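Structural characterization, general
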Amino acid sequence: MDGTPATTGEDTWEVAGRRFRSRLIVGTGRYKSLEETAEAIEASGAEIVTVAVRRVNLSDPNAPMLQDFVSPKRYTYLPNTAGCHTASDAVRTLRLAREAGGWNLVKLEVLGPPPYLYPDMAGTLEAAEALIKDGFEVMVYCADDPVAAKKLEDMGCVAIMPLGAPIGSGLGLTNPFMIRSIKQQAKVPVLVDAGIGTASDAAKAMELGCDAVLLNSAIAHAKDPVRMARAMKSAVEAGRDAFLAGRMPWNYSADASSPMTGLIR
Ligand SMILES: CC(=O)[C@@H](O)[C@H](O)COP(=O)(O)O
């Protein structure tokens with residue numbers, strides 16, 4: 001269990017045997033400064049932060065280090081393979097991360113070419129297999145494809161993370177039906193990862209029944225990142241509550257909300 005123990009009946013979620021209250025995972029890149037990064041993460045209420053191992057300074061004490069602003073004692077660090085376009089690059093990056101920080105719970109992403117950086121599923125499956133064999137606990141970024149998602153789960157990935165839309169696009173959920181299908185068949189947590197543009201997109205992902213949401217650009221590129229981080233926190237909580245409450249059915253004709261019986265004429 002990471003963080004303080006949850007009380008009985010509290011709505012928490014679990015990945016690879018670690019339990020969390022916050023259902024929002026945030027990235028640590030693209031901010032104007034490390035101070036802003038820290039402030040936005042604090043406002044988001046996130047307990048897990050994902051870190052692009054190839055882009056963020058985690059080891060050079062002569063340059064500003066993320067750990068001095070976002071404490072690994074307080075937050076669970078989730079190293080990711082942003083910028084990796086082959087399985088071998090991704091595997092090498094995470095092995096280096098494990099050597100540097102001891103991190104075993106990781107986010108795998110193997111990206112296709114620009115302009116979409118869509119998940120390369122052949123490379124993703126190859127890297128996932130190698131990493132799991134090597135003892136990593138793999139949360140995997142993947143296509144919104146239920147067949148590939150099932151293969152990744154059967155292989156031993158600890159969380160399945162289909163994209164909402166291309167990374168950094170802010171387009172929201174382009175394929176909600178497939179995200180719901182992936183969630184319905186999965187026995188491990190399903191998170192929407194990437195493409196979230198604003199708070200209602202995060203709420204929608206949670207209303208579909210997802211266990212959590214992972215995002216970065218929507219906060220870092222907002223005009224006021226700290227305020228948007230707060231909005232995302234509320235949206236994820238509201239979407240989760242709405243999912244648990246169970247929405248009313250869709251009616252394709254009107255159903256007057258005031259009863260017509262007993263009217264005084
Ligand atoms: C931070 C990270 O892991 C990104 O690669 C992730 O997929 C988030 O994408 P957005 O920036 O679109 O939220």
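Residues numbered from 1 in each chain as written. Predicted model: local features only at pLDDT ≥ 70, side-chain atom pairs only at ≥ 80, totals over all residues. Heavy atoms only, no water.

Taking an unreviewed UniProt entry as the reference, the chain is identified by name as Thiazole synthase belonging to Neoroseomonas soli. Heading Sequence similarities (unreviewed entry) of the UniProt record for the chain holds this comment: "Belongs to the ThiG family." (UniProt positions renumbered as here; feature names shortened; annotations may be inferred.)

Focus: the pattern of salt bridges
Following the criterion strictly, the structure yields 16 salt bridges and no others. Close ionic contact of Arg 18 with Glu 137 constitutes a salt bridge, the shortest N to O distance being 3.4 Å. Placement of the pair is Arg 18 in strand S2 (residues 18-20) and Glu 137 in strand S7 (residues 137-142), with a sequence separation of 119 residues. The exposure class assigned to Arg 18 is partly exposed, which follows from its relative accessible area of 22%. The exposure class of Glu 137 is partly exposed, given its relative accessible area of 23%. (Salt bridge = Lys/Arg side-chain N within 4 Å of Asp/Glu carboxyl O. Helix = DSSP H or I, 4+ residues; strand = E, 2+ residues; numbered from the N terminus. Buried < 20%, exposed > 50% of the residue type's maximum accessible area, 1.4 Å probe, protein only.)

So, the environment of Leu 152
Tracing the sequence through the fold places Leu 152 in helix H4 (residues 146-155). For Leu 152, a relative accessible area of 0% translates into the label buried. Leu 152 sits 44 residues away from Ile 196 along the chain, and the two C-alpha atoms are 23 Å apart.

Re unusual backbone geometry
In this model, Pro 114 is joined to Pro 115 through a cis peptide bond whose omega is 10°. Residue placement: Pro 115 occurs in the loop between strand S6 (105-108) and helix H3 (121-133). The phi dihedral of Arg 30 falls on the positive side, at around 75°, and the residue is not glycine. Topologically, Arg 30 is positioned in the loop between strand S3 (24-27) and helix H1 (34-44). Non-glycine residue Ala 194 carries a positive phi angle of around 85°. Mapping Ala 194 onto the fold places it in the loop between strand S9 (191-193) and helix H6 (199-207).

Quick look at the environment of Ala 40
Looking at the element boundaries, Ala 40 is found in helix H1. On a C-alpha basis, the gap between Ala 40 and Val 226 in space is 4.4 Å, while along the polypeptide they are 186 residues apart. Among residues more than four places away in sequence, those in contact with Ala 40 are Tyr 31, Ile 219, Pro 225, Val 226 and Ala 229. (Contact = heavy atoms within 4.5 Å.)

Describing the nonpolar core
Counting residues in hydrophobic clusters, the biggest one holds 68 residues, and the most contacted among them are Leu 108, Leu 152, Ile 160, Ile 219 and Met 232. Among the elements that make up this core, the one with the highest residue count is helix H8 (residues 225-245) (6 residues). Discounting chain neighbours no more than four positions away, the residues touching Ile 160 are Val 140, Cys 142, Ala 149, Leu 152, Glu 153, Ile 182, Val 188, Pro 189, Val 190 and Leu 191. In terms of nonpolar packing, the next biggest core, distinct from the first, is built from 14 residues, Phe 20, Ile 25, Leu 78 and Leu 105 among them. (Core = buried A, V, L, I, M, F, W, Y, C linked by side-chain atoms within 4.5 Å.)

Some remarks on the UniProt feature "binding site: 1-deoxy-D-xylulose 5-phosphate" (unreviewed entry) in the chain
In the numbering used here, UniProt assigns the feature "binding site: 1-deoxy-D-xylulose 5-phosphate" (unreviewed entry) to Gly 168, Ala 194, Gly 195, Asn 216 and Ser 217. Across 50 residues in sequence, these annotated residues keep their C-alpha atoms within 8.9 Å of one another, forming a single compact spot. Taken from the residues named earlier, the lining of the largest pocket is made up of Gly 168, Ala 194, Gly 195, Asn 216 and Ser 217. Relative to the helices and strands, Asn 216 resides in the loop between strand S10 (212-215) and helix H7 (217-220). Every residue in contact with Asn 216, bar those within four places of it in the chain, is listed here: Gly 27, Thr 28, Gly 29 and Tyr 31. Relative to the assigned elements, Ser 217 resides in helix H7. Exposure remark for Ser 217: the relative accessible area of 14% places this residue in the buried category. Setting aside anything within four residues of it in sequence, one finds Ser 217 in contact with Arg 30, Gly 168 and Ala 222. (1 Å grid on protein atoms, 1.4 Å probe; cavity = no way out; pocket = protein on both sides within 12 Å on 5 of 7 lines; lining within 4 Å.)

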